[in-house]
Amino acid sequence: MGVEGAFGSEPAFVPYLAAGDPSVEASKAYVEALDRGGADVIELGLPFSEPIAEGPTIQGAVARALRAGMTPRRYLGFVRDVDTEAPLVCMTYYNLIYQFRDETERGGPDAFVHAAADAGVEGFVVPDLPVEEAGPMRRACDDAGVDLVSIVAPTTGDGRLRRLLEISSGYVYVQARLGVTGARDDVSGRTAETLARLQQYEAALPKAVGFGIRTGDHAERIVRAGADGVIVGSALVDVVADGHEAGDPVPDVADRLADLADELKTGAVRGRDPGPAEPERN
Amino acid sequence: MGVEGAFGSEPAFVPYLAAGDPSVEASKAYVEALDRGGADVIELGLPFSEPIAEGPTIQGAVARALRAGMTPRRYLGFVRDVDTEAPLVCMTYYNLIYQFRDETERGGPDAFVHAAADAGVEGFVVPDLPVEEAGPMRRACDDAGVDLVSIVAPTTGDGRLRRLLEISSGYVYVQARLGVTGARDDVSGRTAETLARLQQYEAALPKAVGFGIRTGDHAERIVRAGADGVIVGSALVDVVADGHEAGDPVPDVADRLADLADELKTGAVRGRDPGPAEPERN
Amino acid sequence: MSSETDGRAGDGKFGEYGGQYVPEVLMPALEELTDAYERYVLGNEDGFMDELRERLRDFGGRPTPLGRADQLSARYDREVYLKREDLLHSGAHKLNNALGQVLLAKYMGKERIVAETGAGQHGTATAMAAAHLDMPCEIYMGRKDINRQRPNVFRMRLNGATVTPVTVGRGTLKEAISETMRDWATTVENTHYVIGSVVGPHPFPSMVREFHAVISREARRQFAEQVGGLPDAVIACAGGGSNTMGTFEAFLDDEDVDLYAVEAGGSGLGVDDDAGVAPNSASLSTGTEGVLHGARTKVLQDPDGQIVESHSVSAGLDYAGVGPQLAHLVDEERVHAVNVDDDAALEGFHRLSNTEGVIPALETAHAFGYLEEYHQELGERVVINVSGRGDKDLETAIEETPNHDVPNAPDMDVFEGTGGM
Amino acid sequence: MSSETDGRAGDGKFGEYGGQYVPEVLMPALEELTDAYERYVLGNEDGFMDELRERLRDFGGRPTPLGRADQLSARYDREVYLKREDLLHSGAHKLNNALGQVLLAKYMGKERIVAETGAGQHGTATAMAAAHLDMPCEIYMGRKDINRQRPNVFRMRLNGATVTPVTVGRGTLKEAISETMRDWATTVENTHYVIGSVVGPHPFPSMVREFHAVISREARRQFAEQVGGLPDAVIACAGGGSNTMGTFEAFLDDEDVDLYAVEAGGSGLGVDDDAGVAPNSASLSTGTEGVLHGARTKVLQDPDGQIVESHSVSAGLDYAGVGPQLAHLVDEERVHAVNVDDDAALEGFHRLSNTEGVIPALETAHAFGYLEEYHQELGERVVINVSGRGDKDLETAIEETPNHDVPNAPDMDVFEGTGGM
Ligand SMILES: Cc1ncc(COP(=O)(O)O)c(C=O)c1O
Ligand SMILES: Cc1ncc(COP(=O)(O)O)c(C=O)c1O
């Protein structure tokens, strides 16, 4: 079906979790719970020691996953083992891709992309790899028949936007606001503005919006503003972190994740509902 | 009799104590004990807050006397009250003399010298008043008919020495070694050298040697080397300080002072003895 | 040097190194900055460089002197000259860059400054420049570095800067840079990120080098005037590499001048993969190619590409990466990458202090540790950059000296009870 | 100025002030020193002054800049310029004199240096100069000052100096000077006493002024070149007076230039005769004529002539006397003797730190406290000498600020837990 195909007639729900947070086993259960809860695409983080695009919540997830021993090689095993219907997109930083060596000691993007594709990864998001440096990665993805998703930021001007839309495949990751990842209590005015700007681009690719979405209500409003999908990371990671801290049983935490996934998916779907928009809150 | 006259056929013993150390009453008893013990001239310190020519022992005496409330005006009363045969020489620093104001608000050396002479002081030693600055003080002393004793140091060259001997009256204070006041456990080689140098000057004035003399034995050797008298301060102040610290009764401390005075005077006299010199020790 | 080597072509590449590996949200700011760099700094538009030079003179105290070290010259039977960046206002070379960037931010119409700091020298310099130019300023600093460089923390605060502790990881420079990038990603529209070394994405490595090049331009001229000709060797300590790049720049074309970048060997070379820690900060000497903080360069990493925690007794060298141009110059064999360990650095600290009357920063002290160990391999006439003064390091030096093998240390007993310094 | 006023006649008198009130044992050394001063310093014999100038440049970092304080200029609606002696090596103007005297001692064949210190700046400068010129060095410092200026104590020791605590009296500068004189009386034949201000017996007041005159000679030339003409007012803080004398010297003949010597008003003027304490160090403003440490000058004393303990939040101004030439210039009305209290000094400290990016010594801060309070009485163009940097005072400033009324202080809570600085 592929990544792009997962954006169907309904708006897509694209959750993020870090692989291995807080342990390989629990993490597997959580990813599967998201799948159960209605995920259309899953962004599965491969943890890197310097996650410069992440806020404290995802930094915490990454640190737990690293402490639990997650490595690029184990990540590939994780992808192989995890049982989801939604296609998996690998979200990581460029150095891990750059350093990767396969068994034949072939290295770099080419080796990693092929190894990941073999394991079942269908796309990549690499936050510190802007279009200018993306050549080798783009070629490797084309070669392996997987997607490379570009991120569009609120600061991205028209010239850059066009180039980004050109090079991206699978979907476009629309960063809804300035800053780093992290759930917020509101949908910023900036989000609406960014989406309005994007409406002008009749890109062929689906536009998934992330950064700050926490509730079904948020998701609904994002979709109503024109998004083809919502990306949710920190709000889900919070559930993992809270469960971990409280020492809750993995199945309980997984259920909570599935519930939140369901809320978010339902909210997103509601956003496409042609009925009257709910009045804006606060 | 005057200060110079106190240097008679016998070598003179010139003790120093700070007036008011550790209290006015005790101090009076101690000065009188020195007189009893054979003092020929007594250098009576008027304590100044910055005694730059004094070592730790006399600094301590000065600090105790100041704490006990000694002032220039009380010093004059002290001189009036104390009962000694030996003439008193006031040993102090120039700022106290400079600041002095008498009842008529006449100030400076002239006022102080006359007030002191009225009280019974017969001479002055002012360690921070070198010959270059001594003019006003010298004139005041001449006017009041009292002496101004100059200090000669080991560093004093021939030119200065001549000027010092010229301007000094009463006696010449021969500083036996470099540095500041303080009892020593030996008579330094420097002492002998300084005295040898002084032998070349056939000054009319008696030469009293100070700085470091602690025992009768020291006194003897100093006199044998050519001194007309020995000046002893720190060794005596030590007795006062020890007694004060131990809380000993004043008469006991006074007796110890008289004993030490006697030892020192006797030692000095022995030094004039024409018999064979004792063999040098250590 | 070719334009490829010096990065002035504008693509920000030094051989394979350099580039711009940052989130998209920052890319427009880097484009804007590159443009401003080219116009104001390289093109002196609106007299930017004239104003900077004047402020470096009147506020910063440039030129800094080049002076002969009589005692060291005698000791090593060589002519040893000290370039005295420790006399620059703020106490280290860092002000050259900080003042340049804060002024540039002003020309660009920015309203706020953020910066990371390791030793606190870059943070102090930035806080001072920001106060001088009336710009609000926030400094990110690792918790561990805050503890070991307290005088600089106080200085930043007294200069009106907000100092924000970074508690993730080991709490040193690497984490502080990451955190500052996060702030910048949030505030990029009105904020300039004053990066503190020749690291990060283009145009930072080129721009920071350019601001520090004044060090070697002065030193080269001073040496010619005061001594005559050129030195045989130039030595500077390297963490991120701003000090080396500034000290080497004007000598790069003088092929007879040997250039030595002295890294922190810490307590030993290599990387402990299991612990994810390098007991050193010698990324040039022992690191491997990778991507860190926006640039491809030499980094200390495990075989997977996870960046490891570096270590050095000097906070300012305690960094797992290095400037891409410096990495390139080492590959090209124009610059010698060398290193000395903590012991040697402390020995250098005490030697310069008690034989020359100059107390160096612990960073700087590595260069003197190198001189002590390897002077016989150097030419006749040696210039060392004293990149900073050691006032910020008094506490660390006193604490660490007894833990190390420092034969020339003074009697450390007289420093007892220094806990309350 | 007439030769009588400037003391170059060799008699060391400034009107009624000055002279040589020291024990006879020191008089020959003063004669020898006067001779050396006249030959080497005034006469440049053996190229002494040439060597000194070169070392001041290459080791000391001269010339120090004169820079415009943009923020203060706007605040006071005046042109305010800072002469930056804080950038001199060692961190204060004191090195001008210390290097001069240590070099002179070398020319005189002396083998050892002693010095007193209050703030530790003179001691640090002397220790650095002694290390630089390879001379053994012992520094006397009051116990109280040791406690409040610890960074400088460490610096002296790191530079190889012996620091000897002086415990008599209140343990500040006055006692340290007395104790150093006692050392000198013992060691005078091979030792030079590097006195730290324009105090003490002739030739010290003239010689120390001469070594510091470079400050005003530079400032006068820099002002003419950078701004044009002469300033209307020149301001410097005064303890013993080396800073003022150095900052004023070249302007003494410029009668239109107003000169302000700012003393430490402490917590209040006057003398508490019963306690034998002055809660200030304002000997010029409130002292009376007396003899202290070898010179006739203005001193803080009780009516009997006992020298009282002075007080200031800044250790370097905490002295009961003042240089005789400065006292004379005040009597002649050429110099205005003014003072501000501890509160104003702390306010000046914070103002310069957070508006100009220059952290001044607490001594220096008094001059800025004065500027804040009295700028309306000053002319259009003001030069202030930043006599030293505040690194040595961080601890004191942080501790004292909450105890004083300092409206412009930053939020001091962020400095909490500084006991262990
Ligand atoms: C005094 C000093 N020298 C050198 C350095 C190293 O900086 P770089 O490696 O960028 O030259 C620092 C960094 O803080 C420093 O403070
Ligand atoms: C920074 C600074 N300024 C000024 C002074 C005062 O010295 P003086 O009164 O001799 O100028 C001192 C003395 O220690 C000082 O350290």
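The rules behind each value
- Residues numbered from 1 in each chain as written.
- Chains lettered and ligands numbered in written order.
- Predicted model: local features only at pLDDT ≥ 70, side-chain atom pairs only at ≥ 80, totals over all residues.
- Heavy atoms only, no water.
- Helix = DSSP H or I, 4+ residues; strand = E, 2+ residues; numbered from the N terminus.
- Buried < 20%, exposed > 50% of the residue type's maximum accessible area, 1.4 Å probe, protein only.
- Near = heavy atom within 4 Å.
- Polar contact = N/O pair within 3.5 Å; in protein donor to acceptor, adjacent residues only side chain to side chain.
- Areas by Shrake-Rupley, 256 points an atom, 1.4 Å probe, with all protein chains shown as cover.
- Nonpolar A, V, L, I, M, F, W, Y, C, P; charged D, E, K, R; others polar.
- Contact = heavy atoms within 4.5 Å.
- Buried area = accessible area lost by both parts, 1.4 Å probe.
- Salt bridge = Lys/Arg side-chain N within 4 Å of Asp/Glu carboxyl O.
- Domains from an automatic or database assignment.

Geometrically, the link from Asp21 of chain B to Pro22 of chain B is a cis peptide bond, its omega value of 0° lying close to zero. With respect to the helices and strands, Pro22 of chain B occurs in the loop between strand 1 (12-18) and helix 2 (24-36). Between His202 of chain C and the following residue, Pro203 of chain C, the backbone shows a cis peptide bond with an omega angle of 10°. Position of Pro203 of chain C relative to the elements: it lies in the loop between strand 8 (191-193) and helix 10 (204-212). Here the phi dihedral of Ser90 of chain D falls at roughly 90°; this positive angle occurs in a residue that is not glycine. Inspection of the secondary structure puts Ser90 of chain D in the loop between strand 4 (79-83) and helix 5 (94-107). When its relative accessible area of 1% is taken as the criterion, Ser90 of chain D is described as buried. Its identity as a non-glycine residue notwithstanding, Asp134 of chain D has a phi of 60°, on the positive side. The topology assignment puts Asp134 of chain D in the loop between helix 6 (121-132) and strand 6 (137-142).

Glancing now at the site of ligand 1. All names here are of chain C. Surveying the vicinity of ligand 1 reveals 19 residues, the closest of which are Ser197, Gly239, Ser242, Asn243 and Ser387. Between an oxygen atom of ligand 1 and a main-chain N or O atom of Asn243, the distance comes to 2.4 Å. Contact between ligand 1 and Ser387: a nitrogen atom at 2.6 Å from a side-chain N or O atom of the residue. Calculation on ligand 1 without its partners gives an accessible area of 390 Å², and the protein chains cover 98% of this total. Residue composition of the shell around ligand 1, grouped by class: 6 nonpolar, 11 polar and 2 charged.

Bringing the interface of chain D and chain B into the picture now. In this assembly, 33 residues from chain D lie in contact with 36 residues from chain B. The junction of chain D with chain B conceals about 2,900 Å² of combined surface from both sides, 50% of it contributed by carbon and sulfur atoms. On the chain D side of the contact with chain B, Glu24, Arg182 and Gln306 of chain D bury the most area, a combined 24% of that side's loss. In this structure, the connection of chain D to chain B is made through 4 salt bridges. For Glu24 of chain D, the salt bridge is made with Arg160 of chain B, and the minimal N-O distance between the two is 2.9 Å.

Turning our eyes to something else, we now look at the interface of chain C and chain D. Between chain C and chain D, the residue contacts involve 51 residues of the former and 51 residues of the latter. If you look at where chain C meets chain D, you find 6 salt bridges. Note that Asp391 of chain D and Arg155 of chain C form a salt bridge whose closest N and O atoms lie 3.0 Å from each other. Put simply, chain C and chain D have 20 residue pairs in polar contact (both at pLDDT 80 or more) between them. For the side of chain C that touches chain D, the secondary structure elements donating two or more residues are helix 3 (48-60), strand 3 (66-68), helix 4 (70-76), helix 6 (121-132), helix 8 (150-158), helix 15 (342-356) and helix 17 (394-400) of chain C. When its residues are assigned to classes, the side of chain C that touches chain D shows 20 nonpolar, 17 polar and 14 charged.

All names here are of chain C. Taken as a whole, chain C is organised into domain 1 (28-59 + 94-208) and domain 2 (61-90 + 213-403). A separation of 22 Å is found between the C-alpha centroids of domain 1 and domain 2. The interface of domain 1 with domain 2 comprises 35 residues on the first partner and 38 residues on the second. Taken as a group, Asn96, Arg148 and Lys174 account for 21% of the area that domain 1 buries against domain 2, more than any other trio of residues on that side. Here domain 1 and domain 2 share 3 salt bridges between them. With a shortest N-O distance of 2.6 Å, Asp318 and Arg148 are connected by a salt bridge. Contributions of two or more residues to the side of domain 1 that touches domain 2 are made by helix 3, helix 5 (94-107), helix 6, helix 7 (143-148), helix 8, helix 9 (173-187) and helix 10. Counting residues per element, the side of domain 1 that touches domain 2 draws most heavily on helix 9, which supplies 6 residues. Grouping the amino acids of the side of domain 1 that touches domain 2 by side-chain chemistry returns 15 nonpolar, 11 polar and 9 charged.

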